[in-house]
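For reference, the chains in residue letters:
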There are 4 protein chains.
Amino acid sequence: MRATIIGGTGYGAIELIKLINNHPFLEVGSVVSNSQAGNNFSESYPHLYGINDHPLESFNAEKLSAQNDIVFLATPSSVSSTLVPRLMEKGVKCIDLSGDFRLRSISEYEMWYKHAPADESLINQAVYGLSEIYGEKINNAKLIANPGCYPTASALGLIPILKSKLADEGSIIIDAKSGVSGAGRGLSLTSHYAEINENLKAYKLGAHQHIPEIEQVLSDEGGSPITISFTTHLVPMTRGIMCTIYVNLNETMKTNEIHQLYSEFYKNKPFVRVRPEGTVPATKEVLGSNYCDIGLHVDPRTNRLTIISVIDNLVKGASGQAIQNANLMNGWDERTGLENIPMYP
Amino acid sequence: MRATIIGGTGYGAIELIKLINNHPFLEVGSVVSNSQAGNNFSESYPHLYGINDHPLESFNAEKLSAQNDIVFLATPSSVSSTLVPRLMEKGVKCIDLSGDFRLRSISEYEMWYKHAPADESLINQAVYGLSEIYGEKINNAKLIANPGCYPTASALGLIPILKSKLADEGSIIIDAKSGVSGAGRGLSLTSHYAEINENLKAYKLGAHQHIPEIEQVLSDEGGSPITISFTTHLVPMTRGIMCTIYVNLNETMKTNEIHQLYSEFYKNKPFVRVRPEGTVPATKEVLGSNYCDIGLHVDPRTNRLTIISVIDNLVKGASGQAIQNANLMNGWDERTGLENIPMYP
Amino acid sequence: MRATIIGGTGYGAIELIKLINNHPFLEVGSVVSNSQAGNNFSESYPHLYGINDHPLESFNAEKLSAQNDIVFLATPSSVSSTLVPRLMEKGVKCIDLSGDFRLRSISEYEMWYKHAPADESLINQAVYGLSEIYGEKINNAKLIANPGCYPTASALGLIPILKSKLADEGSIIIDAKSGVSGAGRGLSLTSHYAEINENLKAYKLGAHQHIPEIEQVLSDEGGSPITISFTTHLVPMTRGIMCTIYVNLNETMKTNEIHQLYSEFYKNKPFVRVRPEGTVPATKEVLGSNYCDIGLHVDPRTNRLTIISVIDNLVKGASGQAIQNANLMNGWDERTGLENIPMYP
Amino acid sequence: MRATIIGGTGYGAIELIKLINNHPFLEVGSVVSNSQAGNNFSESYPHLYGINDHPLESFNAEKLSAQNDIVFLATPSSVSSTLVPRLMEKGVKCIDLSGDFRLRSISEYEMWYKHAPADESLINQAVYGLSEIYGEKINNAKLIANPGCYPTASALGLIPILKSKLADEGSIIIDAKSGVSGAGRGLSLTSHYAEINENLKAYKLGAHQHIPEIEQVLSDEGGSPITISFTTHLVPMTRGIMCTIYVNLNETMKTNEIHQLYSEFYKNKPFVRVRPEGTVPATKEVLGSNYCDIGLHVDPRTNRLTIISVIDNLVKGASGQAIQNANLMNGWDERTGLENIPMYP
């Protein structure tokens, strides 16, 4: 099955190419980049020299749909909303890695993203691609809104406790930390080496566009509207996200009870590893893999639950989950092409 | 005035030597290291070649007290408690950078540190050296329990809101992140380069020995017993601590009102910089300096206050605050020798 | 085919497990670690949680040879020399990643390694596993001395020019730089995070044990005894080796002529990528892959050739080349299980 | 004495401000940045909050010369050449940190810098500010061409052996490695965090604009025209330069003889530390200081000398040496304001 990747000069696309190369049923058809169309791909990304030296193509819905079965859009916000309609009408399945189809509420989108939303009918068709939670809907989807990196780590960390009704829903605080690749390849002082190396920064306090996305999925799963506190930090490393999540419990619970609940919840989910009681995961332990690892601790002094949830932001937080969704859409085992062991050290 | 430094092979001592070198009224008398006595100092620390090539000395209370006016103990926990009595009885002033004299409760010390506490009468004499808060007591102290790194950042971030009575005291969560130098020079897999680089780890969940210290100072200043949630993370950088602190407010407040309250509180404290509304500090912005920088944000959606407090763990979190305390004890301007600009980038 | 890995707590073993997991014809039989026998593997390496939770085994030649077809020894120097004889006599093929069987000269081994050498008859049986150069001998080998990391990058960078007789053999200087994982997981101040991060160190000037290994292979291929200058540096990163190599040319040459010569030499070698004229490779461009990338530049002002050769020290410089050799020994395509794209960024 | 800094938004200027703050006889008059004139300085550089919150000024030769005694130009290449004449005619002393006045040969400047050179009469007035070598000329200079970072480390490492006539001048190879801050604050993919972190790159092979500068100073001191091989590498760290230099010796020498020669040469030069035989300096051992540390090793197998020379590129490689030159120009001890101990770790 041939796949097109749009947004070929970004890190999301690069990871997709790596993953598809390892996938038995997918191959890279075209790589599209309007800004660099005509250039050889390996000139922008020399690690692909001898592997993918083809010219980058410009967007052509006609041609792409004729030659490809599935399209991954790894484009900046507000680009997908213009390209997806042209692809959908040709009958191509789309997996969009941007935020354009994630929020059901158009007013929320406008408030947090500050530009025009996608077409509402398409938003309604889109399935939110949190693979472990919405697998059945994804099976039948034609358009996937692939979740954001922070929302993936946050939602997988919180959904079991929310569904159990043990959580005080007003108490949720997510202290999130990310490596710098999450900001992409676009130049900016906040990705400038000498500013970021040996530095830890908090950013976008109360203003991150992932807040409404997290609240939407938590509210859906929790059953009532949830408002969170969410703070993002930039950590001097390339890949990795950790969400340290705090929730007050409605009943007195012990760590092992919560651990049991999570283990049960994720028992058939190969990419969520609930770590043994007394241990917590580090980001490097999922590096380059599609795992989301979760550690749990209840402090008996406060009866507050701390959840540590880690992912590789470019894999489970973006391209890996996109492949997992492609697997589900095609009826393949969701692990197909994603079973590599994390790179360590 | 001559100063002895005990624990001469650790990072705390090295920073003290750097700071004392820059201080107009202090000079390094002896540097003591029982484990490396007799070795040249610059063999262990070649950056000192040509600056301090003297042999390290072994501990001798008699000699140290005869030749020095003040002693800084930068030793591991449980060492100071045996050395300080022998120095105090000779009449030397002591500033202890370890945790041995910080906790007033002996049972808390035993519970969190897991070894025998210091002599109770000395604990009672010790003044907790959080310079901005206890300046008057420090003026007259003979023994300073220099605060821990996390407690310094946490307490300076929280005390103004606690004293204002606007904080819901049961809601305090401190999500703390530290560079690796805080773990010292002792070899351990958790300081091994390939394990830590490109990695973010949470550690000691609910079990960090700074928890009772933070709770003690917050309870003292808040006026009633306070229990916190406190999570520590290891960030792949050498220096720097950030505490991201969450507090529910008892009344509806705006960021500018809280900012005003903090600015007022710290207006005569040269080492606390309350950052302008809308901005938050990054750890690199205090690197190598004695500043504690604080950023504030109230989320109107939750009426929860987020406080970002950053320090250099080896300066304001250890040796710099020790010098600041020495200044106060000697009646010098607290800024003496500490006015260097942070190193950037 | 089942493979045993000996030295299971080191980084070499960990990379072997990752690579074998991706290999269609190999599977991990036992993992041996005398020091941690009985412990669960994923306790030492939590990234393997749920993937390899088996207990580490102790060394038992009888059992290992009965159950496995091939043994990879990722043990420290001087361990393999005692284990290999016991495995060879049982008829098991061995690939040794240590330096114990690389040097033909016993006196050189003693001089540079400072301990007793392996049995001479086994040394004589061992084939030096530089896959691109000794493929035919490797096909028929029973014992492979897998090359060192620096020798791999150095030899692949130099052999074409040496064989062409264009090089002034007395002029060879190899300025080598390595990430810290090359030093292994053993604790040491030179792998201590705060000492290495933000630091660049040269080490073992004129004393590195890879010097005789490089000189042996260069002399073999150049046809006469070659003495090199070789300086190693520790770079603050986890993985990657770059050798910047300087050679005076015997005749006036242009970069494109040298480029042509190298491209021709490596045209059927899938893991050596000679980069286009005017470009040079960076270490990250081979991260996690088995590639050795080479860049070439002749300075017309000096007629000196600069060769930039990069590898991932744990893959092509150790475990990846070991798998490549296993492929050759078994008559499989040398690329089997090794075709993943480098991880970028 | 008041000093103006031009180029106020770059890292060179920031380091000058830090150093001048520590200097007993200098104070910062104005900070000039045409691109950001009017903005508060601490908005661009929040580490200066509360320290320097003044607005950045635009360039005004009249006003600057009336109010200041000395001007430091930390501007990009080709800017100084237009500003210096306007300052010199007002009688202000200038220290230029760019390359505009370093090369005596106008054709070399045009060839390597690819734009128009400065006025030739000013070039002739300029004194090359390598403080340890040209101290007497600097004393009387009105215009200092402050050396480049690589040239400083290279020249201090090579001059003693060149002056001794023991060096084969045609054999000089400088393998140079730099932290990323050397590339400045301007945005570029080669300073983009995710591209540089965990990566080692060689760049500008045979094309670096510091080549003619190094050759000029080496030729001056060696007494005859010298052509070098010079390769630059970008190391994933913020600060620090190491030059690993290779020179064939004309006579058989031992390390201790070379060490003696260097120690003698630099015996009255407080900022050059010739390290004990058997040791070599690491970049972190000079971090934040004005030291140039040198290690020496003669390989008896090749009779080739290896010189390791390290500096902090922003201090001895730029702003620190500029202050050292200001000290010399004003008849102050060259150490004034520069005696801080390196920051370690």
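Rules behind the numbers
- Residues numbered from 1 in each chain as written.
- Chains lettered and ligands numbered in written order.
- Predicted model: local features only at pLDDT ≥ 70, side-chain atom pairs only at ≥ 80, totals over all residues.
- Heavy atoms only, no water.
- Helix = DSSP H or I, 4+ residues; strand = E, 2+ residues; numbered from the N terminus.
- Rg over C-alpha atoms; globule rule 2.2 N^0.38 Å.
- Buried < 20%, exposed > 50% of the residue type's maximum accessible area, 1.4 Å probe, protein only.
- Contact = heavy atoms within 4.5 Å.
- Least-squares fit on C-alpha atoms with pLDDT ≥ 70 in both.
- Buried area = accessible area lost by both parts, 1.4 Å probe.
- Salt bridge = Lys/Arg side-chain N within 4 Å of Asp/Glu carboxyl O.
- Polar contact = N/O pair within 3.5 Å; in protein donor to acceptor, adjacent residues only side chain to side chain.
- Nonpolar A, V, L, I, M, F, W, Y, C, P; charged D, E, K, R; others polar.
- Pairing = 2+ DSSP bridges.
- Axes fitted to C-alpha atoms, helices over the stretch in contact; angles between N-to-C directions.
- Domains from an automatic or database assignment.
- Patch = residues over 30% accessible without salt bridge, like charges linked within 9 Å, V, L, I, M, F, W, Y side chains within 5 Å.
- Areas by Shrake-Rupley, 256 points an atom, 1.4 Å probe, with all protein chains shown as cover.
- Expected span 1.5 Å × (residues − 1).
- Phe/Tyr/Trp six-rings, centres within 6.5 Å; stacked < 30°, edge-to-face > 60°.
- Parallel < 35°, antiparallel > 145°, perpendicular 65-115°, else oblique.
- Left-handed = near helix turned anticlockwise from the far one by under 90°.

Trainee: So what exactly am I meant to see when it comes to the overall build of chain A here?
Mentor: If you tally the helices and strands in chain A, you get 12 helices and 13 strands. Taking 2.2 N^0.38 as the reference for a compact globule, 345 residues should give roughly 20 Å; the C-alpha atoms of chain A span a radius of gyration of 20 Å, in line with that estimate. Across the 345 residues of chain A, 67% fall into the buried class. Contacts in chain A between residues far apart in sequence, at least 24 positions, make up 70% of those at least 6 positions apart.

Trainee: Looking at this structure, how should I read the relation of the copies chain D and chain B?
Mentor: Superposition of the two copies of the chain requires a rotation about an axis together with a shift along that axis. Once turned by 180 degrees and shifted 0.0 Å along the axis, chain D lies on chain B with an RMSD of 0.0 Å. Seen this way, the second copy is the image of the first under a two-fold rotation axis. Looking at the rotation axis and the C-alpha trace of chain D, the residue lying nearest is E198 of chain D, at 4.2 Å. Of all interface residues in chain D, 100% are interface residues in chain B too; the two copies therefore contact each other through one and the same surface.

Trainee: Just checking my understanding: could you explain the interface of chain D and chain B for this structure?
Mentor: When the parts of a complex come together, some accessible area is lost, and that lost area is often used as the size of the interface. Of the residues lining the interface, 37 residues belong to chain D; the matching set on chain B comes to 37 residues. In this assembly, chain D packs against chain B so that about 3,100 Å² is buried in total across both faces, 63% of it on carbon and sulfur atoms. Taken together, chain D and chain B are joined by 0 salt bridges. Counting every contact that joins chain D to chain B gives 14 residue pairs in polar contact (both at pLDDT 80 or more). Within the residue set of the side of chain D that touches chain B, elements represented by two or more residues are α1 (11-21) and β11 (272-274) of chain D. Looking at the side of chain D that touches chain B, the element that brings in the most residues is α1 of chain D, giving 6 residues. Residues that form the side of chain D that touches chain B fall into these classes: 19 nonpolar, 8 polar and 10 charged.

Trainee: Is there a simple way to explain the sheet that holds strand β6 (residues 143-145) of chain C in this structure?
Mentor: Residues and elements named next belong to chain C. Strand order in the open sheet formed by 6 strands is β2-β1-β3-β4-β6-β5, and the pairing between neighbours is parallel. The open sheet has two edge strands with one neighbour each: β2 (27-32) and β5 (127-128). Packing against the sheet, helix α4 (residues 80-88) makes contact with β1 (2-6), β3 (70-73), β4 (93-96) and β6, and its axis sits at approximately 175 degrees to β3.

Trainee: Before we go on, may I ask you to explain the domain arrangement of chain A in this structure?
Mentor: Residues and elements named next belong to chain A. In terms of domain boundaries, chain A breaks down into domain 1 (2-125) and domain 2 (150-313). A separation of 27 Å is found between the C-alpha centroids of domain 1 and domain 2. Facing the 12 residues of domain 1 at the interface are 14 residues of domain 2. Both faces considered, domain 1 and domain 2 share a buried interface measuring about 1,200 Å² in area, 49% of it formed by carbon and sulfur atoms. The largest per-residue losses of area from domain 1 upon contact with domain 2 belong to Y11, R102 and W112, which jointly make up 48% of the total buried on that side. Summed over the shared surface of domain 1 and domain 2, the result is 3 salt bridges. Across the pair D220 and R104 runs a salt bridge, and its minimum N-O distance is 3.0 Å. Our count for the domain 1 to domain 2 interface comes out at 7 residue pairs in polar contact (both at pLDDT 80 or more). Elements supplying a minimum of two residues to the side of domain 1 that touches domain 2: α1 (11-21) and α5 (106-113). Counting residues per element, the side of domain 1 that touches domain 2 draws most heavily on α5, at 3 residues.

Trainee: How do you make sense of the sheet that holds strand β13 (residues 304-311) of chain C when you look at a structure like this?
Mentor: Strands in a sheet are paired, the pairing made by backbone hydrogen bonds, and the direction either parallel or antiparallel. All names here are of chain C. Taken in spatial order, the 7 strands make up an open sheet running β8-β9-β7-β10-β13-β12-β11, and their pairing is mixed. Looking at the sheet topology across the chains shown, the edges are occupied by β8 (201-203) and β11 (272-274). Shown here is a sheet whose adjacent strand axes are inclined to one another by a mean of 20 degrees, direction ignored. Sheet topology places strand β10 (residues 241-248) next to β13; 8 bridges connect them, and they run antiparallel. Counterpart to M242 in the pairing with β13 is V310.

Trainee: Mind showing me how you'd approach the interface of chain A and chain B here?
Mentor: With 46 residues of chain A at the interface, the matching set in chain B holds 46 residues. Of the roughly 3,900 Å² buried between chain A and chain B on both sides combined, carbon and sulfur atoms contribute 55%. Ranking the residues of chain A by area buried against chain B places E198, L200 and R301 of chain A at the top, with a combined share of 17%. Along the contact surface separating chain A from chain B lie 4 salt bridges. R301 of chain B is paired through a salt bridge with E215 of chain A; the nearest N and O atoms lie 2.3 Å apart. Linking chain A with chain B are 30 residue pairs in polar contact (both at pLDDT 80 or more), by the criterion used here. Residue assignment for the side of chain A that touches chain B shows that the elements contributing at least two residues are β7 (173-178), α9 (193-196), β8 (201-203), α10 (210-222), β9 (229-234), β10 (241-248), β12 (292-299) and β13 (304-311) of chain A. Here the side of chain A that touches chain B gets 4 residues from one element, more than from any other, and that element is β7 of chain A.

Trainee: Honestly, a nonpolar patch on the surface in this entry has me stumped. Any pointers?
Mentor: On the surface, L187 and L189 of chain A together with L187 and L189 of chain D cluster together to form a nonpolar patch covering roughly 310 Å² of accessible area. Turning to its location among the elements, L187 of chain A is positioned in the loop between β7 and α9.

Trainee: Mind showing me how you'd approach the pattern of salt bridges here?
Mentor: Opposite charge on two side chains allows them to pair when their charged atoms are near. All names here are of chain A. Inspection of the entire model under this criterion finds 72 salt bridges over all chains. A salt bridge links E264 to K267; the nearest nitrogen and oxygen atoms lie 2.7 Å apart. For E264, a relative accessible area of 42% translates into the label partly exposed. By relative accessible area, which is 55% here, K267 ends up exposed.

Trainee: Looking at this structure, how should I read helix α10 (residues 210-222) of chain B?
Mentor: Note: α-helices contain 3.6 residues per turn, so residues at a spacing of three or four share the same orientation. All names here are of chain B. Along its 13 residues, α10 runs 18 Å from first to last C-alpha, staying within 8% of the 18 Å computed at 1.5 Å per residue. In the core, the buried residues of α10 are packed alongside α5 (106-113), β5 (127-128), α8 (149-163), β7 (173-178) and β9 (229-234). Residue G223 follows α10 closely and has a positive phi angle near 95 degrees.

Trainee: I keep staring at the packing of aromatic side chains and nothing clicks. Help me out?
Mentor: For any two aromatic rings, the description comes down to two numbers: the centre-to-centre distance and the angle of the planes. Tallied over the full model, the rule gives 34 aromatic pairs over all chains. Ring geometry for F41 of chain B versus Y45 of chain B: centroids 6.0 Å apart, planes at 80 degrees, classification edge-to-face. The exposure classification of F41 of chain B matches that of Y45 of chain B, with both residues buried. Each ring, one from Y128 of chain C and one from Y134 of chain C, has its centre 6.3 Å from the other, and the planes form 70 degrees; the classification is edge-to-face. Exposure remark for Y134 of chain C: the relative accessible area of 12% places this residue in the buried category.

Trainee: Hey, could you run me through the side chain of Q209 of chain B in this one?
Mentor: Residue and element names in this part refer to chain B. Tracing the sequence through the fold places Q209 in the loop between β8 (201-203) and α10. Among the polar contacts made by the side chain of Q209, one reaches the side chain of K204 at a distance of 3.0 Å. Contacts of Q209, omitting those with residues within four sequence positions, involve W112, Y113 and K204.

Trainee: Any chance you could explain helix α10 (residues 210-222) of chain C here in plain terms?
Mentor: All names here are of chain C. By the criterion of burial, α10 is predominantly enclosed, with 12 of the 13 residues buried. Those residues of α10 not exposed but buried are H210, I211, P212, E213, I214, E215, Q216, V217, L218, S219, E221 and G222. In this structure, the buried residues of α10 make contact with α5 (106-113), β5, α7 (131-139), α8 (149-163), β7 (173-178) and β9 (229-234).

Trainee: Hey, could you run me through the packing of helix α8 (residues 149-163) of chain A against α10 of chain A in this one?
Mentor: Helix-helix packing is characterised by the crossing angle of the two axes and by the distance between the axes. Residue and element names in this part refer to chain A. It is at 9 Å that the axes of α8 and α10 come closest, and there the two elements cross at 25 degrees. What the angle tells us is that α8 and α10 run roughly parallel. α8 and α10 meet at a crossing whose hand is right-handed. In this structure, α8 uses C149, Y150, P151, S154, A155, L158, I159, L162 and K163 to contact α10, whose residues at the interface are H210, E213, I214, V217, L218, E221 and G222.

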